[in-house]
Amino acid sequence: MIGGLTNTNISTLERRFGLSSSQSALVVVSYDVAFCILTAFVTYFGATANRPRLVGIGSAIFGIGAFVYALPHFLSPLYKFGDSTLTKYDVLQLALQLAICLLYSCSPSNATNCLPTDQGLMKFMFVLLFGQLLLGCGTVPLYTLGVAYIEDSVPKNSAPIYLGIANAASLFGPAIGFACGGYILNNFLQKMPYISLLTSSSDPRWVGAWWIGPMAMMTASWILVIPLCGFPKQLPGLTYGVILRQRLRCTGQIRAERKSEVHTNSKEEAENSELENSLKNFPTAVMRLFKNPAFCFLTLAGCSTGLTVSGGSSFMAKFIQNEFHTSAGTSAMLAGAILVPAAVAGHLLGGGLISRFQMETPAILKLCAFSSFLVACASPLLLLRCGNKAMAGITATYNRSNLTSGCNSNCNCQTEFYNPVCGGNGVAYFSPCYAGCPESSGYINSTIQVIMVYNNCSCLGVNETAHAGVCEASCFKLPLFLGLALFMVLLTFISHTPAVVVSLRIVPPSMRSFAIGLEWLFLRALGTIPGPILYGSFIDSTCKLWQSKECGTVRGSCWVYD
């Protein structure tokens, strides 16, 4: 839901509800805000409680959040994009639709025809934001108490393998989210009252059924509540380890036999172990962790990685869609093909290296630093990209920064609705009107889609025609970009599991849950929260053509990026 469907749906939600990248980034980071606010208190007071039961309660809250996230689909009006009047139950009304299309053709009578779009859609951004807040609340116990529960239940040398598998498993969900979300966006159109002029998902106005995934996640989360709550407070360890084929002792015996690697002296360690989890001792516990230099530097390293990974992963699908000219669904599946397998392999490889060579804490820290150094060296490779699509008045031909030119100055064109057409010269135009096309014709194909053709377009030349939709663009750099990005993601996530292992080793056993929670707090506050906001703001700064809503009084989402 979080790593897959949310990131897959960003460009679709922007199109559906008229959001900018900065606004969609606020929706994304609200999950991290809730996580950041709750994590310290949940981990501090939940360390001595039944941790699996708290994870089960979190799963129930997560299901409610997924339901709230999908609510805007059911509460919002039908999707309209400004060029549809043909009811989907009456194909014989094609003549009416063709007549409406003349409104977007070159005509001096268009001057006063301002047709306002659906009003009030912006309010649904707050519903999405509230849903994300609930999702963040629901995941706090899983990624903090759950991790500490696993680490407390297995021998020291086995912990990296188990944590690596747990982290890798948490990435198979995004794999399903990217794959299923991309398929749904490509093949299921948003509810509409009309037969659409959108002939394929490559049309920039296409809006897929983004809500199906969250509803499925709501059901899955609620199903998981009962089995999660059924786990005991402490695993008995009466069976053989499935992975390492060794007999597991009870968790208390495992903790007692461990060699301490805590960064403190024996007197302070004894004091830490006796520190009661009360509100009075909360500031003392925080200060003791801050006095641990290894813990502080690991936390700062996680913040820098989190900022880059959260911003990059949130907009990776949108980046591929705009830089390499793919549809929203295809870009989502490609982003999943990069992020998920490489991240899973990185988690497993990092945990496997520690277990295979039985690394102690200093060696693990060197491994993390080396992999991060390689990522920094490889980052300039991501400058690979395709050129801009040629669009008249935006990136090509007349005036370059103005849609109006001599060939369409008498047409009184509107900018209320984006209705792109592609001319025979390979240049796209904002609408048939801006291409200077006074005539249009159309037909319904075998899949009941209206195919529009515009004739005698003055901006294209004498007797030139244009067809509805954006121009196809060929670019062969995408496979190379995907390969390089996969390599960088692999190197990035190799250090993730080792960093978690070290964070658990260098603090007293009684403070492990709280240490993970405090680390997550700073990682969210300084990393994953500002990351999408910074990326979204930068992406907005490259917009060349904004959607015009409410007859030009409100700015919507971006149609064309540089």
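Everything that follows concerns the structure shown earlier in this document.
Just so you know, these numbers come straight off a predicted model, no measurement behind them.

**Thoughts on the overall build of the protein**
Counting secondary structure elements, the protein contains 18 helices and seven strands. Within the protein, buried positions represent 52% of all 562 residues. Within the protein, contacts between residues separated by at least 24 positions form 77% of all contacts whose residues are at least 6 apart in sequence.

**What about the nonpolar core?**
Soluble, globular proteins show a tendency: their nonpolar side chains are buried together. Formed by 47 residues in total, the largest nonpolar core has its most connected members in Phe17, Leu128, Trp210, Leu289, Phe295, Ile364 and Phe514. Taken domain by domain, the makeup of this core includes at least three residues from each of domain 1 (1–101 + 121–251) and domain 2 (288–386 + 474–527). If you look at the next biggest cluster of nonpolar residues, it comprises 22 residues, including Ala168, Phe178, Phe324 and Ala335.

**Let's talk about the packing of helix α4 (residues 51–75) against helix α8 (residues 212–229)**
Two numbers describe how α4 lies on α8: the axes approach to 8 Å, and their chain directions differ by 165°. Judged by the angle between their axes, α4 and α8 are roughly antiparallel. Two packed elements cross with a definite hand, and for α4 against α8 that hand is left-handed. Here the residues of the contact of α4 with α8 are counted per class, giving 20 nonpolar, four polar and one charged.

**Some remarks on the state of the cysteines**
Considering all chains together, one arrives at three disulfides under this definition. Paired through a disulfide, Cys407 and Cys459 show a sulfur-sulfur distance of 1.9 Å. With the S-S dihedral at roughly 95°, the linkage between Cys407 and Cys459 falls on the right-handed side. In this pair, Cys407 sits in the loop between α14 (361–378) and β1 (421–423) while Cys459 sits in the loop between β4 (450–455) and β5 (466–468), placing the two residues 52 residues apart along the sequence. Across the disulfide from Cys437 sits Cys457; the S-S distance is 1.9 Å. In this structure, the disulfide formed by Cys437 and Cys457 twists by about 110° around the S-S bond and is classed as right-handed. Taken together, the positions of Cys437 in the loop between β2 (428–429) and β3 (439–444) and Cys457 in the loop between β4 and β5 put the pair 20 residues apart, joining distant regions of the chain. Of the two residues examined, Cys437 and Cys457, each falls in the buried class. With no disulfide of its own, Cys303 has Cys36 as its nearest cysteine by sulfur position, at a separation of 9.6 Å.

**What to know about unusual backbone geometry**
Despite not being glycine, His325 shows a phi value in the positive range, around 60°. Within the element layout of this structure, His325 appears in the loop between α12 (293–323) and α13 (328–357). Non-glycine residue Asn456 carries a positive phi angle of around 55°. Assignment of secondary structure puts Asn456 in the loop between β4 and β5.

**A closer look at the environment of Lys123**
In this structure, Lys123 sits in the loop between α5 (94–101) and α6 (124–152). Residue classification places Lys123 among the exposed residues on the basis of a relative accessible area of 54%.

**A word on the packing of aromatic side chains**
Tallying each qualifying case throughout the model produces twelve aromatic pairs. With centroids separated by 5.4 Å and ring planes inclined at 55°, the aromatic side chains of Phe35 and Trp520 adopt a geometry described as tilted. With Phe35 in helix α3 (residues 21–46) and Trp520 in helix α17 (residues 512–528), this residue pair connects regions lying 485 residues apart in the sequence. Each residue in the set Phe17, Tyr69, Phe124 and Trp210 is aromatic and connected to the rest through ring pairs, giving one cluster. When the ring centre of Phe357 is taken as reference, the NZ or CZ atom of Arg356 above it lies at 5.4 Å. Residue placement shows Arg524 over the ring face of Phe35; its charged tip is 3.9 Å from the ring centre.

**Observations regarding the pattern of salt bridges**
Considering all chains together, one arrives at two salt bridges under this definition. In this structure, the salt-bridge partner of Arg524 is Asp32, at a minimum N-O distance of 2.2 Å. Of this pair, Arg524 sits in helix α17 while Asp32 is found in helix α3, placing the two residues 492 residues apart along the sequence. Side by side, Arg524 and Asp32 carry an identical accessibility label, which is buried.

Here is what the cut-offs are and how they apply
- Residues numbered from 1 in each chain as written.
- Predicted model: local features only at pLDDT ≥ 70, side-chain atom pairs only at ≥ 80, totals over all residues.
- Heavy atoms only, no water.
- Helix = DSSP H or I, 4+ residues; strand = E, 2+ residues; numbered from the N terminus.
- Buried < 20%, exposed > 50% of the residue type's maximum accessible area, 1.4 Å probe, protein only.
- Contact = heavy atoms within 4.5 Å.
- Core = buried A, V, L, I, M, F, W, Y, C linked by side-chain atoms within 4.5 Å.
- Domains from an automatic or database assignment.
- Axes fitted to C-alpha atoms, helices over the stretch in contact; angles between N-to-C directions.
- Parallel < 35°, antiparallel > 145°, perpendicular 65-115°, else oblique.
- Left-handed = near helix turned anticlockwise from the far one by under 90°.
- Nonpolar A, V, L, I, M, F, W, Y, C, P; charged D, E, K, R; others polar.
- Disulfide = S-S within 2.5 Å.
- Phe/Tyr/Trp six-rings, centres within 6.5 Å; stacked < 30°, edge-to-face > 60°.
- Lys NZ or Arg CZ within 6 Å of the ring centre and 35° of its normal.
- Salt bridge = Lys/Arg side-chain N within 4 Å of Asp/Glu carboxyl O.

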